[in-house]
Amino acid sequence: MSFSQLIKDRYSVRSFAQTAISADDKAAILEAGRVAPTACNYQPQRFHVFETAEDLQKLDLCSPCRYGAPYAILICYDKSVCWSQPDGSNSGSIDASIATTHMMLQAADLGLGSIWVGMFDAAKLAAEFALPENIVPVALLPLGYPAEGTEPFALHYQRGALDSFLV
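To start, this report covers the structure provided alongside it. (Residues numbered from 1 in each chain as written. Predicted model: local features only at pLDDT ≥ 70, side-chain atom pairs only at ≥ 80, totals over all residues. Heavy atoms only, no water.)

1. Focus: the overall build of the protein
And then number 1: A tally of helices and strands in the protein yields five helices and four strands.
And then number 2: Secondary structure elements in the protein, listed N-terminal to C-terminal, are α-α-β-α-β-α-β-α-β.
And then number 3: By the compact-globule yardstick of 15 Å for 167 residues, the protein fits well, its C-alpha radius of gyration being 16 Å.
And then number 4: Seen through its C-alpha atoms, the protein measures out along the principal axes to roughly 45 × 45 × 30 Å.
And then number 5: In the protein, the share of contacts with a sequence separation of at least 24, taken over all contacts with a separation of at least 6, comes to 80%.
And then number 6: Looking at the protein as shown, the accessible area adds up to about 9300 Å², and 55% of this sits on carbon and sulfur atoms.
And then number 7: The average position of the 11 basic charges and that of the 18 acidic charges among the side chains of the protein differ by 2 Å. (Helix = DSSP H or I, 4+ residues; strand = E, 2+ residues; numbered from the N terminus. Rg over C-alpha atoms; globule rule 2.2 N^0.38 Å. Contact = heavy atoms within 4.5 Å. Areas by Shrake-Rupley, 256 points an atom, 1.4 Å probe, with all protein chains shown as cover. Lys, Arg positive; Asp, Glu negative; His and termini not counted. Charge placed at Lys NZ, Arg CZ, Asp CG, Glu CD.)

2. With respect to helix H3 (residues 53-62)
And then number 1: Among the residues making up H3, those that are buried are Asp-55, Leu-56, Leu-59 and Cys-62. Projected down its long axis, H3 carries its buried residues within an arc of 105°, all on one side. Along H3, exposed side chains directed more than 90 degrees from the buried face belong to Ala-53, Glu-54, Gln-57 and Leu-61. (Buried < 20%, exposed > 50% of the residue type's maximum accessible area, 1.4 Å probe, protein only. Arc of directions from axis to C-beta.)

3. Topic: the side chain of Ser-91
And then number 1: On the secondary structure map, Ser-91 appears in the loop between strand E2 (71-78) and helix H4 (92-109).
And then number 2: At 2.8 Å, the side chain of Ser-91 and the side chain of Asp-95 are in polar contact.
And then number 3: When residues no more than four places from it in sequence are discounted, the contact partners of Ser-91 are Ala-39, Cys-82 and Trp-83. (Polar contact = N/O pair within 3.5 Å; in protein donor to acceptor, adjacent residues only side chain to side chain.)

4. Digging into the packing of aromatic side chains
And then number 1: All told, the structure shown has one aromatic pair when counted by the stated rule.
And then number 2: Geometry around Phe-129 places Lys-58 over its ring, the cationic atom sitting 4.8 Å from the centre. (Phe/Tyr/Trp six-rings, centres within 6.5 Å; stacked < 30°, edge-to-face > 60°. Lys NZ or Arg CZ within 6 Å of the ring centre and 35° of its normal.)

5. Comments concerning the sheet that holds strand E1 (residues 45-50)
And then number 1: Reading across from one edge, E1-E2-E4-E3 is the order of the four strands in this open sheet, with antiparallel pairing throughout. Each of the sheet's edge strands pairs with one partner strand only, and the pair in question is E1 and strand E3 (113-114).
And then number 2: Against the sheet, H3 contacts E1, E2 and strand E4 (135-144), and its axis sits at roughly 110° relative to E1. (Pairing = 2+ DSSP bridges. Axes fitted to C-alpha atoms, helices over the stretch in contact; angles between N-to-C directions.)

6. A word on the pattern of salt bridges
And then number 1: Counted according to the given criterion, the structure contains four salt bridges.
And then number 2: Arg-34 serves as the salt-bridge partner of Glu-31, at 2.7 Å between the closest nitrogen and oxygen. Here the residue Glu-31 and the residue Arg-34 both occupy positions in helix H2 (residues 23-34), the gap between them amounting to three residues, near one helical turn.
And then number 3: Residues Arg-46 and Asp-78 are paired through a salt bridge, measuring 3.8 Å at the closest nitrogen-oxygen approach. In this pair, Arg-46 sits in strand E1 while Asp-78 sits in strand E2, placing the two residues 32 residues apart along the sequence.
And then number 4: Residue Arg-46 is classed as partly exposed on the basis of its relative accessible area, which comes to 30%.
And then number 5: For Asp-78, a relative accessible area of 8% gives the class buried. (Salt bridge = Lys/Arg side-chain N within 4 Å of Asp/Glu carboxyl O.)

7. Some details on the environment of Arg-46
And then number 1: Placed 82 residues apart in sequence, Arg-46 and Glu-128 show a C-alpha to C-alpha distance of 17 Å.
And then number 2: The contacts of Arg-46, once residues within four sequence positions are left out, are Leu-74, Ile-75, Cys-76, Tyr-77, Asp-78, Val-81 and Ile-135.
And then number 3: A polar atom in the side chain of Arg-46 sits 2.7 Å from the backbone oxygen of Gln-43.

8. Remarks on the nonpolar core
And then number 1: Of all hydrophobic cores here, the largest spans 18 residues; its most connected members are Ile-29, Ile-73, Ile-75, Met-103, Leu-141 and Leu-143.
And then number 2: Considering every element that reaches this core, the biggest residue donor is H4, with five residues.
And then number 3: In contact with Leu-143, other than residues within four places in its own chain, are Phe-16, Ile-21, Ile-29, Ala-69, Pro-70, Tyr-71, Ala-72, Ile-73, Ala-107, Gly-113 and Ser-114. (Core = buried A, V, L, I, M, F, W, Y, C linked by side-chain atoms within 4.5 Å.)

Structure follows, in structure tokens:
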């Protein structure tokens with residue numbers, strides 16, 4: 001499948017089969033996040049993997065949006081290594097978002113489904129999983145094979161005309 005077709009067909013999966021993901025596929029997804037571009041190539045993106053039953057149960061205490069995925073990655077940034085602008089803002093959220101996008105698209109290329117989740121309790125995640133203070137959660141990416149009958153949301157293919165996006 002071409003890249004342009006992949007980005008059009010990929011959709012948010014909200015129901016996952018309980019089929020294991022291969023170690024090679026997990027490694028490819030993490031690698032996609034590792035090589036994502038970052039501001040000044042500072043590489044602040046950090047990943048916390050959830051794959052044991054115990055970790056997945058604890059994750060469910062922090063977010064209602066795992067949707068039964070057998071594997072999930074919390075994409076964070078290390079605020080101590082981000083590129084900072086003169087106004088004091090930093091590139092962390094942007095860098096983590098780029099990494100999340102790369103991982104999501106790599107998963108789709110491998111035939112896996114995902115959903116970008118922003119609905120989680122960051123403080124609870126930090127406490128449950130002993131995240132260091134300098135690590136800032138940005139996105140949760142549940143991953144797995146879509147359950148049978150899973151389809152894109154009804155509005156998925158409805159997009160505005162290109163000229164409506166131009167300013």
